[in-house]
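# Coordinates in review
So you can see what is in the structure, the chains are spelled out below.
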Amino acid sequence: MENIAFLIIFPFLAAFILAFMRRQTKLRSVFVFFSCAVVVTAVIYYAVTGLISNQTQSLLRETHELDIAMVIAEIGLMLLIVGYAVKYRKLLVAILSVAQTGLMLWLDFSGKNIVTSAPHILSDKLTIMMCLMIGIVGTLICVYAVGYMKEYHERHSTEFKDRSATFFALLFVFLGAMFGLVFSNNLMWMYFFWEITSLCSFVLIGYTRTEQAMTNAFRALWMNLLGGLAFAIAIVYCALELRTGDIRSFISLGNDTGVVLIPLALLAFAGLTKSAQLPFSRWLLGAMVAPTPTSALLHSATMVKAGVFLLLRLSPLFEGNLVGTMVTTIGGFTFFAASMLAISQSDGKKVLAYSTISNLGLITACAGVGMHEAVWAGILLMLFHGVSKSLMFLSVGAVENSLGSRDIEDMHGLIVKLPGLAFVMITGIAGMFLAPFGMLISKWAALKAFVDSNSMLLVIFLVFGSSTTLFYWTKWLGKLVAVVHHTHRYESKVKMSQWISLLIQAFLMIALCILFPLISTNLVEPFLSEMFHETLPPIISSGNMQIMLMMLFAIVILPIAVRFLTFGKKKKIVMSYMGGANAGDDRHFVDSFGEKSSVYFANWYMEDYFGEKKLLRPSILLSSATILVLMGIIIGGGL
Amino acid sequence: MTEAILIALYVVLGPVIGGFLSGVDRKLSARMQGRQGPPVWQSFYDVGKLFSKQVVVVNYVQDFLVGGFFIFVVFTGCLFFSGGDILLVFFALTLAAIFFMMSACSANSPYSSMGAQRELLQMMAYEPMVLIVAIGFYMSTGSFSVADIIKSDVSNILYLPGIFIGFIFILTIKMRKSPFDLSTSHHAHQEMVKGLTTEISGNILGFVEISHWYENVFLMGVVGLFIINSTWWSIIAAVAVCLLVYFLEVLIDMVFPRVKWELMLKATWLFTLVAGVLNLIVLSAIK
Amino acid sequence: MTSISKSPWLLHYDGSSCNGCDIEVLACLTPIYDVERFGIINTGNPKHADIFLITGGINHQNKPVVEQIYKQMPKPKVVVAVGICACDGGIFKECYNILGGVDTTLPVDIFVPGCAARPEAIIDGVVKAIALLQEKRNAMKLEAKK
């Protein structure tokens, strides 16, 4: 119990101290490294003890003092948000914040809250997995942020004020909130931490205080607050109608009678907004203006995972009812639509944002199916995606610092200009969609699960979405491996701490691919057996696992094998073919006037078919309509 | 043990059959055009000549990437013919195709780059159908494993007629035949010089050719999978159907001109939806 | 096995030809003459070609182009000059822009005169070029052994 409390409280303490370390000193960097080390140790200790004891723990029934502290904190949060809203004249945000906090306070004080007897903290295999992800990936991102923010402010010294103390403090506040969220069994506690993450996201997106940043920050805030409001209404409904206030009791109510449908729909809605599913995707796209560590930590590896975490927890309740249908339809549609939109983007972070939304859609769809196999796939997708995507974001950030641009077209020939970063990026991209890496394994399991559960619409979304996903990743890969002759190597402005973080993450990703059978048997399977009260045969057979290991091995020894196989012949380098008019450097040709003309081939973006102008509005309209109609039926039917 | 024998057979006989089929293709095309055509062993002469040429490259990574393509195509075929998981087989084929496309990207030349982008578009066009083939087999036999599929009681084509036709449609893309030979093509039908293989020459090009032979044998194997069942004479029927499909592909190649990428993408996806998805929906209703 | 003589791929380049010889070259590919039965393919890519078939004379503008294409062809390779313009400049020999035949720039192996050169003559020249290709290949092998 103590280590759980430590995990939640320590990051807040570290944040408090960091907030006072205003200047970029060695002391601050060391303190960040130290705090990260402490968090990692605590997480590993918790995971190991949790695995050894092999039991699900429900703890902490008596929380009177903590509840009072929480109420005070909630009021504080609301005042903070309303303050910002008034300063920037955003009425909607103020209304939403007051509404949801008001609801919670009313529930607290009106004495109708009769659910204090259930344990507030839940620690099972899923929390172990989430903690490992938050603790390890999250701290690696914080380590990276030290070097990155130094470089970032050097580059933008005239544009933005250096508020990196607040930045680092918020990163740790966020880590603490995430730990609190995944450990919460009590719905009000989970809501409290949920709101903290929304606020962190808001402040971090608006870090640079530019007009665009503030607009995007407020958009993120109102969408997340809308979800928070739904969460709050769900809590009130559960307390009043169902006499439950915690997740375990809620799930044990089961979905046979249909009493849970209304709060379930509202909680699902909250999850969908937090995970930026259509139609709530615009906030995540706008969040890309934030510095890269924010994008990596909040908007790919952890905060958006809070939404799908909730959905995965609730998944047994989704099977066979309209809420499940809503969740799977939105998830599947988002997977496909977001991957199409990613094709038309050339800004690296935008592609990553759409890819995140797309993969979250797939996890959402898996959770919504509500069956053992699908949830297995969903959990693994979540784990693999967290590691791979943060690696990608951090690489793009490093490239942006070194090249001055994060446009994919400017990464043409990166393997020559910045070979180290190029290799890291290639590993990251391969890990996102190629066999035999983890994301592919999870997608494979998801496909099988969709077919087994007879969800033909999901199968169509997955099948077409996979092919569009293939397109936008591979063309990025193509840009990276272009060998551009007669070009100079760029000076890599990547600090040692950033390299350590990147390399550890790349290594972690590959290790996960190799070790995932272990993770499946020891963490995922036991969790699922408990949740679904059944055991299923392994979804990916051991035979196939061995074959994939062979493939991984083959890829790794490929350079050596090719060396031996054939090409002992001496190779002569010649120019590329440009009809005989190659000016000599493969990038210019001699035109009909005898002058040198440059030639460059960009990737295909096909904006007429896959552009935002074409697809974004219809996608938002379709998804909004789906949610409105389905929620309407559910709530109307329940009342 | 039988798996090892099957793999060995594929590795040794695959290029022989593939090269022979490719020569037959050229002879047949010539005859359809009223010409004599080269001897059926011409493809072997071509590859032999390629291996005897001086090696010229545009950079030092393209041969490594072509090597990756070659190894993974052989891997795909070995996995398939030894009875492996058909979905994993298709994923491995995708991996191989990506290696090939990356070798073209690495060359940084105009024709290569155009070829690479078109190749990627082709991959995006046929990928849904390929996955639907695997799903179709799973739904009609209950297993993804090729070893189980060939033991079915009835030929799976009876359950998967739409998917079969859809597969033939994308076979035109995979075998690089008109109207869908946008990225690179067989010898006479060039558009952007040689597209993907413009900057590849000598023994590396020889390896590309051999990889294509392995790939064609594998694709014919998938066609045969629709026909094979637990009876012995179904193997003969499967071979006959494969030859028929091959002839059909050559005929389509000769009859149709190349189309633009927009038409290819739209037509393929539409066909996939109509032939493939409808088949799946009907199958999910009856099974 | 004499592979290279069974699969000679040719690259056809028009220097400053009037297109007469070019049409005759293309006629060789038609069903009447059908050079593909000898394994000959008309490829547009120097990196895939063994035989460099040039028609028309060399002028200032195409001299560097022809040299570059020749350099991009892997060995063994032969050059065939088709038509009298490619052999020595033909009727355009006195023009201010024409430098002369292909031999002003590249080492020509086979000369096929004619205006326009007939398909039979072109095929004859190419067959001789194939034999030469085989000789060059044998020489290359001996070189490599040393």
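Residues numbered from 1 in each chain as written. Chains lettered and ligands numbered in written order. Predicted model: local features only at pLDDT ≥ 70, side-chain atom pairs only at ≥ 80, totals over all residues.

## Notes on the overall build of chain A
Looking only at helices and strands, chain A has 24 helices and five strands in total. A compact globule built from 639 residues would reach a C-alpha radius of gyration of about 26 Å, and chain A, at 25 Å, matches this within 12%. Classification of the 639 residues of chain A by burial places 56% in the buried group. Long-range contacts, defined as pairs at least 24 residues apart, comprise 82% of the intrachain contacts of chain A with a sequence gap of at least 6. (Helix = DSSP H or I, 4+ residues; strand = E, 2+ residues; numbered from the N terminus. Rg over C-alpha atoms; globule rule 2.2 N^0.38 Å. Buried ≥ 20, exposed ≤ 12 C-beta atoms within 10 Å, placed from the backbone. Contact = placed C-beta atoms within 7 Å.)

## Observations concerning the overall build of chain B
When its secondary structure is counted, chain B shows 10 helices and one strand. For chain B, the N- to C-terminal ordering of α and β elements is α-α-β-α-α-α-α-α-α-α-α. Against the globule reference of 19 Å for 287 residues, chain B gives a C-alpha radius of gyration of 19 Å, in line with a compact fold. With the C-alpha coordinates of chain B rotated into their principal frame, the extents come out at 55 × 45 × 40 Å. When the 287 residues of chain B are sorted by exposure, 62% land in the buried category. Considering only residue pairs separated by 6 or more positions, chain B has 75% of its internal contacts joining residues 24 or more positions apart.

## Re the packing of helix H16 (residues 372-403) of chain A against helix H21 (residues 496-532) of chain A
All names here are of chain A. Across the interface, H16 lies against H21 with an axial gap of 9 Å and an inter-helix angle of 170°. Considering their axes alone, H16 and H21 lie roughly antiparallel with respect to each other. Class assignment for the residues of the contact of H16 with H21 results in 19 nonpolar, seven polar and no charged. (Axes fitted to C-alpha atoms, helices over the stretch in contact; angles between N-to-C directions. Parallel < 35°, antiparallel > 145°, perpendicular 65-115°, else oblique. Nonpolar A, V, L, I, M, F, W, Y, C, P; charged D, E, K, R; others polar.)

## A closer look at the interface of chain A and chain B
When the parts come together, some accessible area is lost, and that loss is often what is quoted as the size of the interface. On the chain B side, the residues contacting the 47 residues of chain A number 54 residues. Elements represented by at least two residues in the side of chain A that touches chain B include exactly helix H19 (438-452), helix H20 (456-480), helix H22 (542-565) and strand E3 (572-573) of chain A. Per element, the largest residue contribution to the side of chain A that touches chain B is 14 residues, and it comes from H20(A). Per-class residue counts for the side of chain A that touches chain B are 32 nonpolar, 10 polar and five charged.

## Points about the pairing of strand E3 (residues 51-55) of chain C
Residues and elements named next belong to chain C. Most of E3 sits inside the fold, with five of its five residues counted as buried. Here E3 shows a buried face lined by Ile-51, Leu-53 and Thr-55 and a second buried face lined by Phe-52 and Ile-54. Pairing analysis gives five bridges linking strand E1 (residues 9-14) to E3, with the strands arranged parallel. Residue pairing for E3: Tyr-13 is matched across the bridge by Ile-54. For E3 and strand E5 (residues 78-82), the ladder comprises five bridges, and the chain directions are parallel. Across the sheet, Phe-52 pairs through a bridge with Val-79, a residue of E5. (Pairing = 2+ DSSP bridges.)

## Digging into the sheet that holds strand E7 (residues 110-112) of chain C
All names here are of chain C. Spatially, five strands are ordered E2-E1-E3-E5-E7 in an open sheet, and the strand pairing comes out parallel. The open sheet has two free edges, formed respectively by strand E2 (41-43) and E7, since each of these has just one partner strand. Between one strand and the next, the sheet's axes are offset by a mean angle of 30°, whatever the strand orientation. Both E1 and E2 contribute to a ladder of three bridges, which runs parallel. In the strand pairing of E2, Trp-9 is matched with Ile-41. Of the strands in this sheet, E1, E3 and E5 are in contact with helix H2 (residues 20-27), which crosses E3 at around 140°.

## What to know about the interface of chain B and chain C
Each partner contributes residues to the interface: chain B has 26 residues there, and chain C has 19 residues. Those elements that provide at least two residues to the side of chain B that touches chain C are helix H2 (42-51) and helix H8 (202-227) of chain B. Sort the elements by how many residues they give to the side of chain B that touches chain C and H2(B) lands first, with five residues. Of the residues contributing to the side of chain B that touches chain C, the split by class is seven nonpolar, 13 polar and six charged.

## Details of the packing of helix H15 (residues 348-369) of chain A against H16(A)
Each pair of packed helices can be summarised by the angle the axes make with each other and by the distance between the axes. All names here are of chain A. Axis separation between H15 and H16 bottoms out at 8 Å; the angle between their running directions is 170°. As judged from the angle between their axes, H15 and H16 are roughly antiparallel. In this structure, H15 contributes Gly-348, Lys-349, Leu-352, Thr-356, Asn-359, Leu-362, Ile-363, Cys-366, Ala-367 and Val-369 to the contact, and H16 contributes Ala-374, Val-375, Ala-377, Gly-378, Leu-381, Met-382, His-385, Lys-389, Met-392, Phe-393 and Val-396.

## Some remarks on the nonpolar core
Counting residues in hydrophobic clusters, the biggest one holds 329 residues, and the most contacted among them are Phe174(A), Cys366(A), Leu380(A), Ala446(A) and Ala92(B). Take this core: its biggest share by element is 20 residues, from helix H5 (residues 125-155) of chain A. Look past the residues within four positions of Leu380(A) in its chain and what remains in contact with it is Ile441(A), Ser442(A), Ala445(A), Phe516(A) and Val524(A). Core analysis: the second largest hydrophobic core is formed by 40 residues, Leu11(C), Phe52(C), Val79(C) and Ala86(C) among them. (Core = buried A, V, L, I, M, F, W, Y, C linked by C-beta atoms within 7 Å.)

## Considering the pairing of E5(C)
Residue and element names in this part refer to chain C. With respect to burial, E5 is a largely interior element, five of its five residues being buried. Going residue by residue along E5, you find Val-78, Val-80 and Val-82 tucked away on one face and Val-79 and Ala-81 tucked away on the opposite face as well. Bridge analysis of E5 against E7 gives three bridges, and the strand direction is parallel. Paired with Val-82 across the bridge in E7 is Val-112.

## Topic: the environment of Ala134(B)
All names here are of chain B. Mapped onto the secondary structure, Ala-134 falls in helix H5 (residues 110-141). Distance from Ala-134 to Phe-144, taken between C-alpha atoms, is 7.0 Å for residues 10 residues apart in sequence. Those residues in contact with Ala-134, other than ones at most four positions away along the chain, are Ile-86, Leu-87, Phe-90 and Phe-144.

## Looking at the environment of Gly206(B)
Residue and element names in this part refer to chain B. Turning to its location among the elements, Gly-206 is positioned in helix H8. Counting along the chain gives 60 residues from Gly-206 to Lys-266, while the straight-line C-alpha distance between them is 33 Å. Discounting residues that sit within four places of it in the chain, Gly-206 has contacts with Val-47, Leu-50 and Phe-51.

## A word on helix H14 (residues 322-343) of chain A
Taking 1.5 Å per residue, 22 residues should reach 32 Å; H14(A) reaches 32 Å between its end C-alpha atoms and fits that length. H14(A) sits mainly inside the fold: 20 of its 22 residues count as buried. (Expected span 1.5 Å × (residues − 1).)

## A few points about unusual backbone geometry
Each neighbour pair has its own omega, and for Ser178(B) with Pro179(B) the value is 0°, a cis peptide bond. The omega angle of the peptide bond from Lys75(C) to Pro76(C) is -5°, so this bond is cis rather than trans. Tracing the backbone shows Pro76(C) in the loop between helix H3 (62-72) and E5. The phi torsion at Arg243(A) lies on the positive side, around 55°, for a residue other than glycine. Secondary-structure assignment places Arg243(A) in the loop between helix H8 (211-242) and helix H9 (247-252).

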